[in-house]
Structure formats: C-alpha cells, structure tokens
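As a plain string of letters, each chain reads:
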Amino acid sequence: MPIASFPITPVFGARVEGVSLSDITAGEFEQLYAIWQKHHVLVLRKQELTNPQFERFSAMLGELDPPPNQGAGRKSVPGHPNLYVVSNRKDGAGVPIGALGDGEAQWHTDMSYLERPPFASMLWSIELPETGGDTFFACMPAALRSMPRQLVERIERLSIKHDGTYDSGGNVRKGMTANDNPMHSTGTPHPVVIEQPETRERTLYLGRRRNAYIPGLSLEDSEALLDTIWGYATAPQVTLRHQWQLGDVVLWNNFTTMHRRDAFPADQFRTLHRSQIKGNHVPTAAVRKEAA
Ligand code: SIN
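Right, let's walk through the structure included here. (Residues numbered from 1 in each chain as written. Predicted model: local features only at pLDDT ≥ 70, side-chain atom pairs only at ≥ 80, totals over all residues. Heavy atoms only, no water.)

### Re the pairing of strand β3 (residues 41–44)
By the alternation rule, side chains of β3 split into Val 41 and Val 43 and Leu 42 and Leu 44, which are all buried. By the bridge criterion, 3 bridges tie strand β2 (residues 14–17) to β3 in an arrangement that is parallel. Each bridged residue has a counterpart across the sheet, and for Val 16 the counterpart in β3 is Leu 44. Summarising the sheet, β3 and strand β15 (residues 249–253) pair through 4 bridges and their orientation is antiparallel. Bridge pairing links Val 41 to Trp 252 in β15. (Buried < 20%, exposed > 50% of the residue type's maximum accessible area, 1.4 Å probe, protein only. Helix = DSSP H or I, 4+ residues; strand = E, 2+ residues; numbered from the N terminus. Pairing = 2+ DSSP bridges.)

Given below as structure tokens:
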C-alpha cells in the first residue's frame, strides 16, 4: 500500500497512513522521512507495536539517546534502557514508573540545554485518560516567518541561554540546584534563529521560557524581548493540538518544533513510551540570503 499523508493544519503536521511501523521497510522509511522533513510533526494511528519494534523503528532515525536526567520519575522501560516512560503510574512501593506525573508540561524543546540537543523525539501511546493529556506542538519556522522584519533583524544577532535547572514539569533535574535567577542559572547559549541542519530551513530555537536569558541584555530587557518572541512562537495559528488515541505514534523534529502537554485527572492513568534520537549538530545561527 502506498504511503499517504494528510496535512493536519495548513502550516505543519501530517497524519500518515499506509505504513506499519512494526515491519517498516527501508523504502517506506525513506518516504516517511521526506514527509517528516516537510511537515515537522507526524501522526501515525493504530500502530500495533512491541517495545523492540518501537525501538527498532526509532533507531532507523539515528543513535538513540537514553532518557533525560529528570528530577522526578526517571524511568526506562524494563529491558529497554533507551526507551523512556512518560506516566503517572506508581509501582507497588509508590515509586513513579515514569516521568511527568499528571500535571501540565510547559512548552519546551527537548534537552536544548545540551550543546548538541537531540534532533528527534517520538511518543507511542500505551494507556490514556478519558479526558485531558492532549499534546500541543508549535511550528518554529512558521513562527519566525510570522514576525515583523525589524524584530527578526534584532533577534538573529542574539542568543538565548537555555536553562538546564528545571524539566518541563517544573522539577529540578538531578544534580542541579534550584535557581530562579535567569542571569545566573546554569545553561547553554544557542542562537535565537538557527538553521534546521538537514534542510537548512530558518527556524526559531527557544528551548523553554522558564529561566531563559538573552546574554548582553539587562534582565528586564531580556524578559520583555523573550515575552515578545514567545507571543509569536505560541500563537494559535502556528500550533496544533494532538488528541491521543491508543496506538498513536507521534514523531517530531526537535529543532523546528516545541511541544507542551495538558494536565489530566490524577485518578486516571496515562502511559506513553518515548524515544529520542541523539543530535549530531550544534544549533547554528542562520544567515539571511541577502546578508550572506
Ligand atoms: C514530553 O514532553 O515528551 C511528554 C509530552 C506528553 O506527555 O504528551
């Protein structure tokens, strides 16, 4: 069956049909990869997978990255140290089997506090609550294109320090000390406007809002400029909402999108397995064609 893709919004995201990730062929993978490069977020419904099959498909994208250093519930899938559990379930001893609990996860790009952040991530739904827990994506190239030229010219010369203190659930990462001063918290600077390393598409690269800081600016000016940028980055016209069904696999480009998740009722269960692909690229400043 040929692979078919259907845009989710006019801006980004595609639902893909006609491929079973459990036995995807090299030829199908090539087609899928091309669709993903164009649409940034792919949704594949009704995937019947085992953990080894999910891991095998993930590894077709590149070397897998072990789960991040979460402050709460850093747990891998038993027997699969490279697969990460996102869940609010607890084991018999009351220890979370996964990360992020049942709360909101705020807008973020995965692990952008690293020098070479992962370039792709994927979630596979195992159990879902009756309500809540939707995941939202924001398209960073589209957000950049929606900005006035004067603002783009200002920010393309700047960097953002990407804070490594807190995860998207607000937990202090293991080995870090709570610090709410964006000027002094630990993090890694990356250019605000970068190139997607494979397609060379220009894109915003923001990480997460908490503790972000623009070096060289006063804290007040940095906060004001970041708020302006984030207004464009999370505007409804550049975002999409994914309402999960069992067996969904969602793959996103970590250089060109951000994501967040809604909270869900604490007395219901939500478990997804996640894989992450190591980045081979340091985010690099994009140079405008006329300036090159
Ligand atoms: C994540 O940030 O990777 C988790 C998103 C989700 O639980 O939907």
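Back to the write-up after that little detour.
### Digging into the nonpolar core
In this structure, Ile 155, Val 192, Leu 204 and Leu 206 are the most contacted members of the largest nonpolar core, which totals 43 residues. Secondary structure elements with two or more residues in this core: β3, β5 (80–87), β9 (135–139), α3 (140–145), α4 (149–155), α5 (219–233) and β15. Counting residues per element, this core draws most heavily on α5, at 5 residues. When sequence neighbours within four positions are dropped, the list of residues in contact with Ile 155 reads Met 147, Val 192, Val 193, Leu 204, Leu 225 and Ile 229. Core analysis: the next-biggest nonpolar cluster, separate from the first, contains 31 residues, Phe 29, Phe 54, Leu 251 and Ile 277 among them. (Core = buried A, V, L, I, M, F, W, Y, C linked by side-chain atoms within 4.5 Å. Contact = heavy atoms within 4.5 Å.)

### Considerations on the pattern of salt bridges
Note on pairing: side chains with opposite charge can pair once their charged atoms come close. Considering all chains together, one arrives at 16 salt bridges under this definition. The closest approach of N and O atoms between Arg 274 and Asp 110, which form a salt bridge, is 3.4 Å. Here the residue Arg 274 occupies a position in strand β17 (residues 271–277), and Asp 110 occupies one in the loop between β7 (105–108) and β8 (120–127), the gap between them amounting to 164 residues. Residue classification places Asp 110 among the buried positions, given a relative accessible area of 3%. Of the charged contacts in the structure, one is a salt bridge between Glu 153 and Arg 149, with a shortest N-O distance of 2.9 Å. Here Arg 149 and Glu 153 lie together in helix α4, a separation of 4 residues that amounts to about one turn. Each of the salt bridges in this network shares a partner with another, and the network as a whole consists of Glu 104, Asp 134, Arg 241, Arg 260 and Asp 262. (Salt bridge = Lys/Arg side-chain N within 4 Å of Asp/Glu carboxyl O.)

### Quick notes on the site of the ligand
The local shell around the ligand consists of Val 86, Leu 100, His 108, Leu 123, Thr 135, His 259, Arg 261, Arg 270 and Arg 274. Residue His 259 places a side-chain N or O atom 3.2 Å away from an oxygen atom belonging to the ligand. Side-chain polar atom of Arg 261 to an oxygen atom of the ligand: 3.4 Å apart, as the coordinates give it. Its free accessible area being 260 Å², the ligand has 99% of it covered by the protein chains. (Near = heavy atom within 4 Å. Polar contact = N/O pair within 3.5 Å; in protein donor to acceptor, adjacent residues only side chain to side chain. Areas by Shrake-Rupley, 256 points an atom, 1.4 Å probe, with all protein chains shown as cover.)

### Regarding the sheet that holds strand β16 (residues 257–261)
The antiparallel open sheet is built from 4 strands, whose spatial order is β7-β16-β9-β14. Both edges of this open sheet fall to β7 and β14 (239–242), since each of them pairs with a single strand only. When the angles between neighbouring strand axes are averaged without regard to direction, this sheet yields 15 degrees. Across 5 bridges, β9 lies against β16 in antiparallel orientation. Its bridge partner being in β16, Thr 135 is matched across the sheet by Arg 261. (Axes fitted to C-alpha atoms, helices over the stretch in contact; angles between N-to-C directions.)

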